[in-house]
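These are the residues of each chain, in order.
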Amino acid sequence: MNFDIDRLLRRNIRNLKPYSSARDEFSGEAAVFLDANENPYNSPWNRYPDPHQRILKEKVCEIKHVPTEKIFLGNGSDEPIDLLFRAFCEPAKDNVVSINPTYGMYRVAADTNNIAVNQVALTSDFELDAGSVLAAVTAETKIIFLCSPNNPTGNTLDNCGILQIISNFNGLVVVDEAYIDFCPEKSLLPDLDKYPNLVILQTFSKAWGMAGLRLGMAFANEKIIEVLSRIKYPYNLNILTQQKGLELLAGEQLKNEWVKIILKEREKMIRNLLLYPFVIKVYPSDANFVLVQVYDPRGIYNYLVDEKIIVRDRSSIALCEGCLRISIGSPEENATLMEAFDQLI
Ligand SMILES: *Cc1c(COP(=O)(O)O)cnc(C)c1O
């Protein structure tokens, strides 16, 4: 495999000099800051946040065992997804390859950037066919998007297949591990050094319970991270997100307890769902949701809305005919859902 980041980058990005903020040019200790046209009043909100998120990155480094040069922090995972398109894909010319079905943001980011997506169907049991993914690559393919555990199917993709794709593609392979904490399979993070073209996405939105803070991560070799950092908005993470994120990251044990409860609830939810006559199939899940095939998905969806319970109707998505996607809630919330289902029979 021949990975050359300069060949892959768009020319305008290769030559781009980033905006240099006041906080870039001076970042030490000082008593008086008169360099950024800030208001001296209304402390601490008057100050711009650290554009490099140094303290927060140190904490992420400690939790994920990845050096800070290989970490990008963004406004959710959605930010690095968009930045990867902007850095590597020439509009109206290049393309990306993704599996189908998968997370909808890859497609939205592709459309926003006027990039074609070559979609490769998963098998009928949602497995990855690495050969078909590699066969969909053209000379203009810059990125392959994989998602494991996959959304909305819930299954982990075959690890050998993922590694086969990473090893046999000259462009970037993005592996989205948003649900990795709920999954028995290990993260690819320890393999980062082996694969210069691998980008791993994770997020604090799911297992860590911080969806409202908007804090996502990309891990990759330092050259890729340098490019993403160069083209991001200088102050992409505000003070509140950086401070509250740091505070909540001290609670890893709490996160682990939540995951344990959610996994137990997931198995209970699966067992219970199988008892209803309107349920055709419950797909196995390595995530904090289950995909359920039912008779009359729209009718059940609307019934639940009337009961003030909202699930996700995925029945119009490829390979997901008749399917609802149900997030695992608290034991009380899950019991409420089951009570609503009881009234249907
Ligand atoms: C929920 C989810 C994310 C998280 O997105 P954020 O922008 O970090 O909240 C990323 N990828 C997938 C596949 C998801 O389902």
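In what follows, the accompanying structure is described.

Definitions and limits used
Residues numbered from 1 in each chain as written. Predicted model: local features only at pLDDT ≥ 70, side-chain atom pairs only at ≥ 80, totals over all residues. Heavy atoms only, no water. Near = heavy atom within 4 Å. Polar contact = N/O pair within 3.5 Å; in protein donor to acceptor, adjacent residues only side chain to side chain. Areas by Shrake-Rupley, 256 points an atom, 1.4 Å probe, with all protein chains shown as cover. Nonpolar A, V, L, I, M, F, W, Y, C, P; charged D, E, K, R; others polar. 1 Å grid on protein atoms, 1.4 Å probe; cavity = no way out; pocket = protein on both sides within 12 Å on 5 of 7 lines; lining within 4 Å. Points joined across faces, edges and corners; volume = space filled by probe spheres on them. Helix = DSSP H or I, 4+ residues; strand = E, 2+ residues; numbered from the N terminus. Salt bridge = Lys/Arg side-chain N within 4 Å of Asp/Glu carboxyl O. Pairing = 2+ DSSP bridges. Core = buried A, V, L, I, M, F, W, Y, C linked by side-chain atoms within 4.5 Å. Buried < 20%, exposed > 50% of the residue type's maximum accessible area, 1.4 Å probe, protein only. Domains from an automatic or database assignment. Contact = heavy atoms within 4.5 Å. Disulfide = S-S within 2.5 Å. Phe/Tyr/Trp six-rings, centres within 6.5 Å; stacked < 30°, edge-to-face > 60°.

Taken together, 13 residues sit near the ligand, with Tyr 179, Thr 203, Ser 205, Lys 206 and Arg 214 positioned nearest. Within the side chain of Ser 205, a nitrogen or oxygen atom sits 2.7 Å from an oxygen atom of the ligand. In isolation the ligand exposes 390 Å². Once the protein is present, 94% of that is buried. The residue makeup of the shell around the ligand, split by class, is 4 nonpolar, 5 polar and 4 charged.

There is about 610 Å³ of room inside the largest pocket. Contributing to the lining of the largest pocket are 20 residues, with Tyr 48, Pro 49, Asp 50, Ile 55 and Gln 242 lying nearest its centre. Only α4 (54–64) and α10 (239–249) provide two or more residues apiece to the lining of the largest pocket. Taken together, the residues of the lining of the largest pocket sort by class into 10 nonpolar, 5 polar and 5 charged. Along its surface, the second largest pocket is lined by 22 residues, and Pro 51, His 52, Ser 229, Arg 230 and Lys 232 are the ones closest to its centre. Here the element with the most residues in the lining of the second largest pocket is helix α9 (residues 222–231); it accounts for 5 residues. Of the residues belonging to the lining of the second largest pocket, the class tally is 9 nonpolar, 5 polar and 8 charged.

Turning our eyes to something else, we now look at the pattern of salt bridges. Inspection of every chain in the model, using the stated rule, returns 20 salt bridges. For Glu 38, the salt bridge goes to Arg 23, with nearest N and O atoms at 2.7 Å. Taken together, the positions of Glu 38 in the loop between α3 (22–25) and α4 and Arg 23 in helix α3 put the pair 15 residues apart, joining distant regions of the chain. For Asp 313, the salt bridge is made with Arg 298, and the minimal N-O distance between the two is 2.8 Å.

As a further point, take the pairing of strand β8 (residues 279–282). Bridge count between β8 and strand β9 (residues 289–294): 3 bridges; the pairing is antiparallel. Each bridged residue has a counterpart across the sheet, and for Val 279 the counterpart in β9 is Val 294. Remark: 6 residues form the turn of the hairpin made by β8 and β9, two consecutive strands paired antiparallel.

A separate point is the nonpolar core. Among the nonpolar cores identified, the biggest contains 43 residues, and Leu 146 and Phe 219 are the most heavily contacted of them. For this core, the domains that each give at least three residues are domain 1 (5–250) and domain 2 (253–342). Discounting residues that sit within four places of it in the chain, Leu 146 has contacts with Ile 99, Tyr 106, Leu 128, Leu 157, Ile 162, Ile 165, Val 173, Val 174, Val 175 and Asp 176. Among the nonpolar cores identified, the runner-up in size contains 33 residues, and Leu 84, Leu 172, Ala 220 and Ile 225 belong to it.

Turning our eyes to something else, we now look at the state of the cysteines. As enumerated under the stated definition, the model contains 0 disulfides in all. Here Cys 320 is not disulfide-linked; the sulfur of Cys 323 is the nearest cysteine sulfur, at 5.1 Å. With a relative accessible area of 0%, Cys 320 lands in the buried category.

Cis rather than trans, the peptide bond between Asn 100 and Pro 101 has omega equal to 0°. Residue placement: Pro 101 occurs in the loop between β2 (95–100) and α6 (105–112). For the bond running from Asn 151 to Pro 152, omega is 10°, close enough to zero to count as cis. For Asn 37, which is not a glycine, the phi torsion comes out positive at approximately 55°. Position of Asn 37 among the secondary structure elements: in the loop between α3 and α4. When its relative accessible area of 78% is taken as the criterion, Asn 37 is described as exposed.

As a further point, take the packing of aromatic side chains. Applying the stated criterion across every chain yields a total of 10 aromatic pairs. Ring geometry for Phe 85 against Phe 145: centres 5.4 Å apart, planes inclined by 15°, an arrangement best described as stacked. Residue Phe 85 is located in helix α5 (residues 78–88), and its partner Phe 145 is located in strand β4 (residues 141–147); the two are separated by 60 residues in the primary sequence. Across the pair, Phe 145 and Phe 85 agree in class, each one buried. With 4.8 Å between their ring centres and 20° between their planes, Tyr 106 and Phe 145 make a pair best called stacked. Of this pair, Tyr 106 sits in helix α6 while Phe 145 is found in strand β4, placing the two residues 39 residues apart along the sequence.

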